[in-house]
Amino acid sequence: MASPLPSAVLTKLESDLKRRTANFPPLEKVNPILNTSDFDPSSTHVSLLQKCVQTNSFQQAPVIHAHIVKSGTQQDLFVMTSLVNVYGKCGAMEAARKVFDHLSKRNVVTWTSLMSGYVHNSHPEEAIQVFIQMLEHGSYPTNYTIGVVLTACSALCHVNIGKQVHGYVLKYGLEDDTSIGNSLCNLYSKCGGYLESAMKAFWRIGERNVISWTTIVSACGDNGDSAAGLGLFSAMLEEGIEPNEFILTSVLSLCCTLQAIEFGLQVHSLSIKIGYASNLPVTNSIMYLYLKIGLFSEARKLFDGLEKVSIVTWNAMIAGHAQMMDVAENNLVAFRNGVEALGMLLRLQRSGLKPDLFTLSSILTVCSNLVALEQGEQVHAQAIKTGFLSDVVVGTALVNMYNKCGSIKKASKAFVEMPSRTLISWTSMITAFAQHGLSQHALDLFNDMRLAGDRPNKVTFVGVLSACSHAGMVDEGLSYFEMMKNEYKIIPVMDHYGCMIDMYVRLGRLEEAFDFVKKMEVEPNEFIWSLLVAGCRSHGNLELGFYAAEHLLCLNPKDPETYTMLLNMYVSAGRWKDASRVRKAMKDEKVMKLKDWSWISIKSKVYSFKPDCPQFEEVDVLLGDLLEKSRDLGYEWKEIPENEEIEGRVHHSEKFAVVFGLLNTEKPAVIRVVKSMSMCRECHDFIKIVSALTKREIMVRDSKRLHRFSDGKCSCGDFGSLL
DNA sequence: ATAGGGTTAG
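Residues numbered from 1 in each chain as written. Chains lettered and ligands numbered in written order. Predicted model: local features only at pLDDT ≥ 70, side-chain atom pairs only at ≥ 80, totals over all residues. Heavy atoms only, no water.

### Points about the overall build of chain A
In step 1: Of regular secondary structure, chain A possesses 36 helices and six strands.
In step 2: With respect to the principal axes defined by its C-alpha atoms, chain A has extents near 100 × 55 × 50 Å.
In step 3: Taken over 723 residues, chain A has a buried fraction of 51%.
In step 4: Considering only intrachain contacts with a sequence separation of at least 6, the fraction spanning at least 24 residues in chain A is 66%. (Helix = DSSP H or I, 4+ residues; strand = E, 2+ residues; numbered from the N terminus. Buried < 20%, exposed > 50% of the residue type's maximum accessible area, 1.4 Å probe, protein only. Contact = heavy atoms within 4.5 Å.)

Here is the structure:
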């Protein structure tokens, strides 16, 4: 996680802090725990001000301030400190600073209140400046002060500044203080990559409270060791510490990442036992967990049983449906979940709640998966209006949405306009360029990312390697593959191997592709074999092709697409014996029939084709016309009689959807179709020709990959896994 | 009068 401030500012802050904490007075002069028993609780002003914070009625603060001035108590230290605090809490930092600057007397609590105001208002660097000024002034911090400074350091994500304060803590032996320990633990967790330091700080705490445990448990989750977090939660229970809603939600979120069903169910029953059955945040988390592990009706039950819902409840439901789209077994199920999620957005808006940045980013994901450009553009407008566009996650979701909806220009514009970038936003844009065949753009951006000091992860390298494979850059591909392993210590996963094999296959270097498969350190999966099959078919190496296809079948003996593809391969090679063997196997294995289903989204409305269609007469006329013209250009459509029971040779639904798109949209809009199964070669050839005939860009996302057709060519380079 | 924790996202 990068700091929001320029590094020069941070370096200066670090050295100032170092200078001020270096020559500190001997321990006896420092009083870390301030005796506050001389506080005068009888002051009406202080208790009124306290009420302001408690009830969020911040408009009252200036009124009370005026009263303080009138009643002449404006030099009462307790009253004025309280005022600094209240102004800070309500976001009126100028007012807080003004009050502070006009005081003739200040104590450490006054200083701490001002600092805490700056932290609350996202100006951690100011908080640290005030801390330095306080030290220069000759005041000494208390454990509360150190806590605030450490929170400021966490917000800066600058571990070295935090370490200066940590040094101070060690010097005065304050590391066993609970609140300081909690803040230290939080610092190392938020700076990323310092889980061990966070653990050390945690175990040094004298008396760990439930906040200490929550901090370390979520630190585990934030730093990629969720399993350790579950272990620590159990340890806390053994120590007899009663969980509260905070740690329950933290642990449930770990269960989500780990897909720890058993543990999650236990946490659920524990929550009920200790009285959190109707606690909203806990219920939201449990509901989200149920959605993530696919226990749909359980989640629904919880949702329906809620008397009051919050925006988080809706967000969890929407996000749950959005991620169901990713794991759905086919595009049809995904589509239904997406429509459901869009319906939920409507219901949440009708209930009077306002979508927040979580809602917007989830909905953008839904739009990406539905390839619903117009809906996505509406969300874009909403993000501009509400100011949520400045959020990195919303920005990244927007880049992904435009990319998946076929607009690389708008995706790249959204990326350029982002105020800050993360590993994920870089990766999204690199992947987008790669998917659109703009390999050099992708590689240049990867270079920019490294220059910006952001560390690529394995997903980034999938983008980089696929850019190389699309452009046939074997040498570059190999060197990035080595860079990933040696320089970044990333162990290649199936997707990386897939890119490398795709690279050889596209160039027709089948032997090398097979060699690479043999050298892989993991067992090749269906994805790898289907790449080999596609390559062999394209380059006419039938023997290797059948070998790979039979392998594919072994791995997934129930997959109707594999059977259909293999059958088509044997039929077109005239190997009737093999064809009937496959047909028999399909019957014996009771292989399901392929469901051919396409849809297209035009102006926020979704039309479906299976393969009958709306506006049939007009579509039929145009389709007939296009078929005739494409026959002249060499397109061959072989119809096989129905009784052959082959699903591969009919007019598939995407033909109708594409023609419907041609009739109902204008150039230069991209025609975007989603399809429930893989495209077959015939339809693939046909749409290539249509893109040339009509000079339109056509996108089809099938069950395996994205095809972008323009000028008679497809982005998959005909190496998509086709039936 | 000042502190420390959580849910939903890419």
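### A few points about helix 9 (residues 159–171)
In step 1: Over its 13 residues, helix 9 extends 18 Å from the first C-alpha to the last, a length consistent with the 18 Å expected when each residue adds 1.5 Å.
In step 2: Those residues of helix 9 not exposed but buried are V159, I161, G162, Q164, V165, H166, Y168 and V169.
In step 3: Close packing links the buried residues of helix 9 with helix 1 (7–22), helix 7 (124–137), helix 8 (143–156) and helix 10 (178–190).
In step 4: Residue G173 follows helix 9 closely and has a positive phi angle near 60°. (Expected span 1.5 Å × (residues − 1).)

### Section: a nonpolar patch on the surface
In step 1: Taken together, the side chains of I261, L265 and L295 make up a nonpolar region of the molecular surface, amounting to roughly 200 Å² of accessible area.
In step 2: You can see I261 is positioned in helix 15 (residues 261–273). (Patch = residues over 30% accessible without salt bridge, like charges linked within 9 Å, V, L, I, M, F, W, Y side chains within 5 Å. Areas by Shrake-Rupley, 256 points an atom, 1.4 Å probe, with all protein chains shown as cover. Salt bridge = Lys/Arg side-chain N within 4 Å of Asp/Glu carboxyl O.)

### Topic: the environment of V119
In step 1: Counting through the fold element by element, V119 comes out in helix 6 (residues 108–120).
In step 2: When the C-alpha atoms of V119 and K89 are compared, they prove to be 9.7 Å apart, with 30 residues separating the residues in sequence.
In step 3: Excluding its chain neighbours within four sequence positions, the residues that come into contact with V119 are A127, V148, T151 and A152.

### Digging into the sheet that holds strand 2 (residues 605–609)
In sheet architecture, strand pairing relies on hydrogen bonds along the backbone and comes in two forms, parallel and antiparallel.
In step 1: With mixed pairing, six strands are arranged side by side in an open sheet as 2-1-3-4-5-6. Edge positions in the sheet fall to strand 2 and strand 6 (713–714), since each has one partner strand and no second.
In step 2: Here strand 1 (residues 598–602) runs beside strand 3 (residues 671–675); their pairing, made up of three bridges, is antiparallel. Opposite S598, over in strand 3, you have K675 as the bridge partner.
In step 3: Along the sheet, helix 35 (residues 653–664) makes contact with strand 1, strand 2, strand 3 and strand 4 (698–701), crossing strand 1 at roughly 15°. (Pairing = 2+ DSSP bridges. Axes fitted to C-alpha atoms, helices over the stretch in contact; angles between N-to-C directions.)

This is a description of form; function is not addressed.
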